[in-house]
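Residue strings, one per chain:
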Amino acid sequence: MWEHYESLFLRSFGDYGRYLWNDITHPSWHSYFYGLILVSALVYALELAFPWRKDQPRIRKDFWLDGFYMFFNMFLFWLVAYNAVSNVVVDAFSSLRNSAGLDSLEWIDVATLPIALQLALMFVLRDFIQYWIHRLLHRVPRLWDFHKVHHSVEQMGFAAQLRYHWMETIVYRSIQYIPLAMFGFGIQEFFAIDMIALTIGHVNHANFRPPIGPLRYVLNSPQMHIWHHAKEMPVRYGANYGLSLSVWDWIFGTVYWPTSGRDTPLGFEHVERYPDHFVTQMIFPFEDQDRTPPGTSRVS
Ligand SMILES: [Zn+2]
Ligand SMILES: [Zn+2]
């Protein structure tokens, strides 16, 4: 049995390497690699043409660090470990399911629905689950340790979206797996919705202020998300947890949007003491003892 998992692990590792290499050497309209570059270039062009904080440098603090995080979290981490680990977990999970006599977890077989409806359902459902996982990252001190990497950004720009600890990938993917499987969504990727979510996330972190109007009740925006990163946060455990959509925050009463957040200081208490290099940021959550969640020390 162990040989089965060992060979699956090694095969997945090689498979992902080949997949990534193919993605890079054969540009196509389904390439995650070029998709990331294109979306980043477009959103960065918007930041440069219409900057919200006009005095923020074009190459802001941590521009290159966050650029590295983008490629690390979207590709390198998968190459190093997770894709292989994830295939093993999924395989083990489905053999467990088969031996328990349940061929499927599915309540609804979404595969029978029109493709546009499948995509829309996946987008909304995943965003809803991610809203709750994000709340958990703020609520559970041990998870907040890892999530602090994302909140250590002090000057916002598009790439800050993908500045996060690799442990978040594990937390999000594993918690999402069962509810999505109940709707018949496996681990397959949906390129179109991944790119839409990537673009919205880039814009939400960009130094750019889209004229959002009443759409603010549905879509997250830089104007709203900047308050999620605010250093001064009078709400215990934070607010504005939505990723692509803001509607969950409005429904569940977790909106904090007092005024224009254009110049609000970002980070958390003692952010200036937080490590500023990739490797030290990766190690820090395993040794950080200051588990003060956002807001708690500043509630008066
Ligand atoms: Zn957060
Ligand atoms: Zn953010």
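What you see is a predicted model, and the numbers here were worked out from it, not measured in a lab.

Trainee: Looking at this model, I keep getting lost on the overall build of the chain. Mind explaining?
Mentor: In terms of regular secondary structure, the chain is built from 10 helices and zero strands. In sequence order, the chain lays out its α and β elements as α-α-α-α-α-α-α-α-α-α. Classification of the 300 residues of the chain by burial places 48% in the buried group. Taking as baseline every contact in the chain between residues at least 6 positions apart, the subset at least 24 positions apart corresponds to 78%. For the chain, the exposed surface amounts to about 15300 Å²; the carbon and sulfur share of it is 67%.

Trainee: Just checking my understanding: could you explain helix 7 (residues 191–205) for this structure?
Mentor: Every α-helix carries 3.6 residues per turn, so stepping three or four residues along brings you back to the same face. Across its 15 residues, helix 7 extends 21 Å between first and last C-alpha, which sits within 8% of the 21 Å expected from 1.5 Å per residue. Summarising burial for helix 7: 12 of the 15 residues are buried, a large majority.

Trainee: How should the coordination of the zinc ion (ligand 1) be read in this particular structure?
Mentor: The textbook angles at a metal center are 109.5 degrees for a tetrahedron of four donors and 90 or 180 degrees for an octahedron of six. Listed as protein donors to the zinc ion (ligand 1) are His 134 (NE2), His 138 (NE2), His 147 (NE2), His 151 (NE2) and His 228 (NE2); their distances from the metal cover 2.0 to 2.2 Å. Distance-wise, the zinc ion (ligand 2) is placed 5.9 Å from the zinc ion (ligand 1). Note that His 138 is positioned in helix 4 (residues 115–139) and His 228 in helix 8 (residues 222–228), a separation of 90 residues in sequence. Overall, the relative accessible area of 1% leaves His 138 in the buried class.

Trainee: Would you take a moment to explain the coordination of the zinc ion (ligand 2) for this structure?
Mentor: Within the protein, His 150 (NE2), His 205 (NE2), His 225 (NE2) and His 229 (NE2) serve as the donor atoms for the zinc ion (ligand 2), at 2.0 to 2.1 Å. Each of the four donor atoms around the zinc ion (ligand 2) contributes to a set of angles spanning 90 to 158°, which defines the coordination as irregular. Sequence spacing of the donors to the zinc ion (ligand 2): H-x54-H-x19-H-x3-H.

Trainee: Help me understand the pattern of salt bridges in this model?
Mentor: Opposite charge on two side chains permits pairing when their charged atoms draw close. Counted by the stated rule, this structure contains 10 salt bridges. We note a salt bridge from Asp 62 to Lys 61, for which the minimum N-O separation is 3.9 Å. For Asp 62, a relative accessible area of 16% gives the class buried. Note on Lys 61: relative accessible area 39%, which makes it partly exposed. The residue Arg 126 makes a salt bridge to Asp 194 at a minimum N-O spacing of 2.9 Å. Note that Arg 126 is positioned in helix 4 and Asp 194 in helix 7, a separation of 68 residues in sequence. Given a relative accessible area of 15%, Arg 126 falls into the buried group. Connected through shared salt-bridge partners, Arg 60, Lys 61, Asp 62, Asp 66, Glu 154 and Arg 163 make up one network.

Trainee: Help me out: how do you make sense of a nonpolar patch on the surface in this one?
Mentor: Residues Phe 128, Trp 132, Ile 251 and Phe 252 make up a contiguous nonpolar surface patch of about 370 Å² in total accessible area. Those elements that place two or more of their residues in the nonpolar patch are helix 4 and helix 9 (247–252). With respect to the helices and strands, Ile 251 occurs in helix 9. On the accessibility criterion, Ile 251 (55% relative accessible area) is exposed.

Calculation rules
- Residues numbered from 1 in each chain as written.
- Chains lettered and ligands numbered in written order.
- Predicted model: local features only at pLDDT ≥ 70, side-chain atom pairs only at ≥ 80, totals over all residues.
- Heavy atoms only, no water.
- Helix = DSSP H or I, 4+ residues; strand = E, 2+ residues; numbered from the N terminus.
- Buried < 20%, exposed > 50% of the residue type's maximum accessible area, 1.4 Å probe, protein only.
- Contact = heavy atoms within 4.5 Å.
- Areas by Shrake-Rupley, 256 points an atom, 1.4 Å probe, with all protein chains shown as cover.
- Expected span 1.5 Å × (residues − 1).
- Donors = N, O, S within 2.8 Å, 3.2 Å for Na, K, Ca; no water.
- Tetrahedral: all angles 85-135°; square planar, octahedral: opposite > 155°, others 65-115°.
- Salt bridge = Lys/Arg side-chain N within 4 Å of Asp/Glu carboxyl O.
- Patch = residues over 30% accessible without salt bridge, like charges linked within 9 Å, V, L, I, M, F, W, Y side chains within 5 Å.

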